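# Descriptive analysis of the structure
Residue strings, one per chain:
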Amino acid sequence: MEGRVMKSTGSWYDVLGEDGKVYLCRLQGKLRLEEIKESNPVAVGDMVELIGETRDASITAIKPRDNHMLRQSVKKTGHSHVLAANIDQVMLIATLKQPRTSTGFIDRFLVSAEAFRIPQVIIFNKKDLLTPEECKDVDHMQNLYGAESVRDLLRNKTTLIAGHSGVGKSTLLNRLFPHLQQTVSDLSQATDKGTHTTTFAEMFMIDPKTFVIDTPGVKEWGLNDMEAQEISDYFPEMRELRLECKFGSRCLHLTEPKCAIRQAVEDGRIYPSRYESYTNMVTGKDNRK
Ligand SMILES: Nc1nc2c(ncn2[C@@H]2O[C@H](COP(=O)(O)OP(=O)(O)OP(=O)(O)O)[C@@H](O)[C@H]2O)c(=O)[nH]1
Ligand SMILES: [Mg+2]
Ligand SMILES: [Zn+2]
């Protein structure tokens, strides 16, 4: 039977079978032996073949992925972690306060998704905590990235929800879909001690065509391996312009003469904070926070 992985807790997997039942599965032995680059061979969202009973089943095969969202391991072990597979979009939840999400973090996350050609949405949360002045900052950031109704954005798609711990990912999902009733932590725990309330990525079926994947908060976001030359390709507003530079695809848009990107920053067609994130990524100065 075919199924879709909803949750993985190490050696056990919750798989939603074609029959609508959830199967508790292990990986069949031979799958475990295969050479794998990622720290997790099976990720939430994977389509698999399974056999067995609901309380004791085996995953016998993993279907090829349409796409996946990777997280580079911070410890540089060479391993990366597949956050989720077969997704239609990623939704980044960001907050200005408690905790603060920097534009650098946002831009590195967007670049990672763009590198896999996965559409991105950003939700600015906890606006009730902001002073009118700070609200203006968020409105400004919203203009920078665009805004729409969350429920509409999720409909008929599989969406990976990501963001720092404590930004309110689980709270937001509970509010939109009250039957989920996920655990959320109180503020002091979430922000001061840096504890994660959500500990495993988990996919929830909202209706047969709508899935949301709640994930544990990420502290930092490193870029996947990429060449300096390719980074501007993952900034959509730069991608359009980069071939107009005098040095064409060899231009890194730093100090080169007749650079169309730097000209666009000067003209106000590219936001300075986006360009700053870009140069930090190219020069390796980004602090990952
Ligand atoms: N002021 C305010 N607090 C919120 C809002 N949304 C969530 N919170 C609080 O923020 C804290 C963290 O919320 P969670 O939903 O657990 O955050 P999370 O992003 O799921 O965190 P992890 O699971 O650790 O990644 C809780 O105390 C929530 O009550 C909001 O819109 N405004
Ligand atoms: Mg959570
Ligand atoms: Zn250039």
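Refer to the preceding data block for the structure.
Model, not experiment: these values are computed from the prediction. (Residues numbered from 1 in each chain as written. Chains lettered and ligands numbered in written order. Predicted model: local features only at pLDDT ≥ 70, side-chain atom pairs only at ≥ 80, totals over all residues. Heavy atoms only, no water.)

### Overview of helix 5 (residues 169-176)
Burial runs high along helix 5: six of the eight residues are buried. Every buried residue belonging to helix 5 is among Lys169, Ser170, Leu172, Leu173, Asn174 and Leu176, and all of these are buried. Of the surrounding secondary structure, the elements contacted by the buried residues of helix 5 are strand 8 (89-94), strand 9 (120-124), helix 4 (150-154), strand 10 (158-162) and strand 12 (210-214). (Buried < 20%, exposed > 50% of the residue type's maximum accessible area, 1.4 Å probe, protein only. Helix = DSSP H or I, 4+ residues; strand = E, 2+ residues; numbered from the N terminus. Contact = heavy atoms within 4.5 Å.)

### Details of the packing of helix 2 (residues 103-115) against helix 10 (residues 272-283)
At a minimum axis separation of 9 Å, helix 2 and helix 10 run at an interaxial angle of 70°. The orientation of helix 2 with respect to helix 10, classified from their angle, is roughly perpendicular. Here the hand of the crossing between helix 2 and helix 10 comes out right-handed. Contact residues: Thr103, Gly104, Asp107, Arg108, Leu110 and Val111 in helix 2; Ser273, Arg274, Ser277 and Met281 in helix 10. The residue makeup of the contact of helix 2 with helix 10, split by class, is three nonpolar, four polar and three charged. (Axes fitted to C-alpha atoms, helices over the stretch in contact; angles between N-to-C directions. Parallel < 35°, antiparallel > 145°, perpendicular 65-115°, else oblique. Left-handed = near helix turned anticlockwise from the far one by under 90°. Nonpolar A, V, L, I, M, F, W, Y, C, P; charged D, E, K, R; others polar.)

### Quick notes on the packing of aromatic side chains
Taken as a whole and assessed by the stated rule, the structure comprises three aromatic pairs. Ring centres of Phe109 and Trp221 lie 4.8 Å apart, and the angle between their planes is 65°; this geometry places the pair in the edge-to-face category. A residue pair is termed long-range when its members are at least 10 positions apart, and Phe109 in helix 2 and Trp221 in the loop between strand 12 and helix 7 (228-231) qualify at 112 residues. Of the two residues, Phe109 and Trp221, neither departs from the other in class, the shared state being buried. (Phe/Tyr/Trp six-rings, centres within 6.5 Å; stacked < 30°, edge-to-face > 60°.)

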